[in-house]
Amino acid sequence: MSRAYGLLDLTTMEYTSIENGVYDKCPTPAPNGKKYAFISRRTLKEESRGAEIWVSRVGSPPRLVTIFDLGINSFTWSPDSRYLAVIANDGKIEEDVKVIDRIDIWFNAEGYTYSIQKGLYIVDVESGNREKISRDDMRINIAAWSPDERYIAYTASIDPAAPYIHQLYLYDLERGEHIKIADGVTINGIAWSPTSKRIAVIGHKRERGFATHNRLIIYSVSGEELLDTRGRLDRNFLKYYKL
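Residues numbered from 1 in each chain as written. Predicted model: local features only at pLDDT ≥ 70, side-chain atom pairs only at ≥ 80, totals over all residues. Heavy atoms only, no water.

1. Focus: the packing of aromatic side chains
We count it as follows: Two rings from Phe, Tyr or Trp (for Trp, the six-membered ring) form a pair when their centres are within 6.5 Å of each other. A pair whose planes differ by under 30 degrees is stacked, one over 60 is edge-to-face, and the rest are tilted. Here a helix means four or more residues in a row that DSSP labels H or I, a strand means two or more in a row labelled E, and each is numbered from the N terminus. Between buried and exposed lies partly exposed: a residue is buried under 20% and exposed over 50% of the maximum accessible area for its type, with that area taken using a 1.4 Å probe on protein chains only. Here, over-ring charges are defined by two tests on the NZ atom of lysine or the CZ atom of arginine: distance to the ring centre within 6 Å, and angle to the ring normal within 35 degrees.
Evaluated as defined, the whole model comprises 6 aromatic pairs. Centre to centre, the rings of Phe 38 and Trp 54 are 6.5 Å apart; their planes meet at 15 degrees, and the pair counts as stacked. Of this pair, Phe 38 sits in strand S4 (residues 36-40) while Trp 54 sits in strand S5 (residues 51-56), and the two are 16 residues apart along the sequence. With a relative accessible area of 1%, Phe 38 lands in the buried category. Exposure remark for Trp 54: the relative accessible area of 10% places this residue in the buried category. Ring geometry for Tyr 154 and Tyr 169: centres 5.4 Å apart, planes at 10 degrees, overall stacked. In this pair, Tyr 154 sits in strand S12 (residues 151-157) while Tyr 169 sits in strand S13 (residues 166-172), placing the two residues 15 residues apart along the sequence. Tyr 154 sits in the buried class, given a relative accessible area of 0%. Here the aromatic cluster, defined as three or more aromatic residues joined through ring pairs, consists of Tyr 36, Phe 38 and Trp 54. Directly above the aromatic system of Trp 54 lies the positively charged group of Arg 42, at a separation of 5.3 Å from the ring centroid. Lying across the ring of Phe 68, Arg 130 places its NZ or CZ 4.0 Å from the centre.

Pasting the structure below:
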């Protein structure tokens, strides 16, 4: 599968083609506007489950940064454009006899998932060095850098039988510590306030099971729940804007 991506200059309205390689996807500009990252499979064999992260400047050849052997789910830039927070599959796939002691019933079209989790990594886009910062028993769902670059907010599910029940954590990059902000919430989106002191999430607490409307919940970085819009709107909350 081949896709073509481009950049549109809103001043001149000129279109510049950037990538059209096999399986290129998710081109995402860095905050400094000087480069962008994308996911591809350019060097991988057809049977591989892996995925690559490439970085390029407009008009320059792309550069391979790193390869995750079991695939990449998503990534987001750090505010200083030096790092990526990457949610990627990790674990081990047995090629012959498979000993299955856990069956994930919630995921379609992913193949064998009993030995796979989704981990959270920090990747240096210059060196390609990466560090896993999530625990091995966590399945990471969403991650977002704080504007002041101190924290990464992320959601994790622990129980394989209930991956829709999430914990909201902050990873303090200065101290290397994980801070639990909320537990037992089903979260579908995260956004930071410009001051990096509050986190807004779209989600719910399953008061009506899976039929519960999404709503806006805001937490402080200390874990205090500052706002819950439950009962204020009789419609699903779909998106939010900056606080």
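2. So, the sheet that holds strand S3 (residues 25-29)
For the record, the criterion: Strands are labelled as partners when DSSP assigns at least two bridges between them. The convention used is that axes are lines fitted to C-alpha atoms, helices contributing only their stretch in contact, and that angles between N-to-C directions extend from 0 to 180 degrees.
The strand order S3-S4-S5-S6 describes an open sheet built from 4 strands, whose pairing is antiparallel. Bordering the open sheet on either side are S3 and strand S6 (63-68), each of which pairs with just one other strand. Pairs of neighbouring strands in the sheet enclose a mean axial angle of 20 degrees, with direction left out of account. Where S5 and S6 come together, 5 bridges link them in antiparallel fashion. Looking across to S6, one finds that Ile 53 is bridged to Thr 66.

That is the geometry; function is a separate question.
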